[in-house]
Amino acid sequence: MAQITTRIVKEKVMAYPNDSAFPIPAVVNDEGDTICSARHGMTYHQWLVGMLACGLATDQTTLFEDIPRFAIKAADEIIAQLNAREAGDKTTREC
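Residues numbered from 1 in each chain as written. Predicted model: local features only at pLDDT ≥ 70, side-chain atom pairs only at ≥ 80, totals over all residues. Heavy atoms only, no water.

This paragraph deals with the overall build of the chain. Each helix and strand in the chain was counted, giving two helices and four strands. Reading the helices (α) and strands (β) of the chain from amino to carboxyl end gives β-β-β-β-α-α. Among the 95 residues that make up the chain, the fraction classed as buried is 21%. If you take every contact in the chain between residues at least 6 apart in sequence, the share linking residues at least 24 apart comes to 32%. Carbon together with sulfur atoms contributes 59% to the accessible area of the chain, which is approximately 7,200 Å² in total. (Helix = DSSP H or I, 4+ residues; strand = E, 2+ residues; numbered from the N terminus. Buried < 20%, exposed > 50% of the residue type's maximum accessible area, 1.4 Å probe, protein only. Contact = heavy atoms within 4.5 Å. Areas by Shrake-Rupley, 256 points an atom, 1.4 Å probe, with all protein chains shown as cover.)

Now the structure itself:
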């Protein structure tokens, strides 16, 4: 079975940056033969970085060489904030 982007931990949903963003499960026929192998695709972290990079690229004041660094740092912070909030960390800032 393909990985999913979240795991249940202490009845809370945690985001893991290396889990697949859009996993595709294997397809097996009635005889048990694999017709299509499972594909994991890009990770949640990679997808998030891509979305952030698209947004940053629309800002004409942002230098293109800065976009990857900004996008990766923002994705790391988003994942950390999501996980801290789900873990019950009350020190995270509310959006």
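Attention now moves to the pattern of salt bridges. Following the criterion strictly, the structure yields one salt bridge and no others. For Arg 69, the salt bridge goes to Asp 66, with nearest N and O atoms at 3.0 Å. (Salt bridge = Lys/Arg side-chain N within 4 Å of Asp/Glu carboxyl O.)

Moving on, we come to the environment of Val 28. Inspection of the secondary structure assignment puts Val 28 in strand 3 (residues 27-28). Val 28 sits in the partly exposed class, given a relative accessible area of 48%. Ignoring anything within four residues of it in the chain, the contact list for Val 28 reads Asp 33, Thr 34 and Ile 35.

Next up on the list: the nonpolar core. If you look at the biggest cluster of nonpolar residues, it comprises six residues: Tyr 44, Leu 48, Val 49, Ala 71, Ala 75 and Ile 79. For this core, the secondary structure elements donating two or more residues are helix 1 (44-57) and helix 2 (67-86). (Core = buried A, V, L, I, M, F, W, Y, C linked by side-chain atoms within 4.5 Å.)

Right, let's get into the packing of helix 1 against helix 2. Contact geometry for helix 1 and helix 2: axes closest at 8 Å, N-to-C directions at 130 degrees. Here helix 1 is positioned oblique relative to helix 2, judged by the angle of their axes. In this structure, helix 1 meets helix 2 at a crossing whose hand is right-handed. Contacts from Tyr 44, His 45, Leu 48, Val 49, Leu 52, Ala 53, Leu 56 and Ala 57 in helix 1 reach Ile 67, Phe 70, Ala 71, Ile 72, Ala 74, Ala 75, Asp 76, Ile 78, Ile 79 and Leu 82 in helix 2. (Axes fitted to C-alpha atoms, helices over the stretch in contact; angles between N-to-C directions. Parallel < 35°, antiparallel > 145°, perpendicular 65-115°, else oblique. Left-handed = near helix turned anticlockwise from the far one by under 90°.)

Before going further, it helps to examine helix 1. In this model, helix 1 (14 residues) spans 20 Å end to end at C-alpha, consistent with the 20 Å of a helix rising 1.5 Å per residue. Considered for burial, the residues of helix 1 that qualify are Tyr 44, His 45, Leu 48 and Val 49. Down the axis of helix 1, the buried side of the element spans an arc of 130 degrees, and every buried residue falls inside it. (Expected span 1.5 Å × (residues − 1). Arc of directions from axis to C-beta.)

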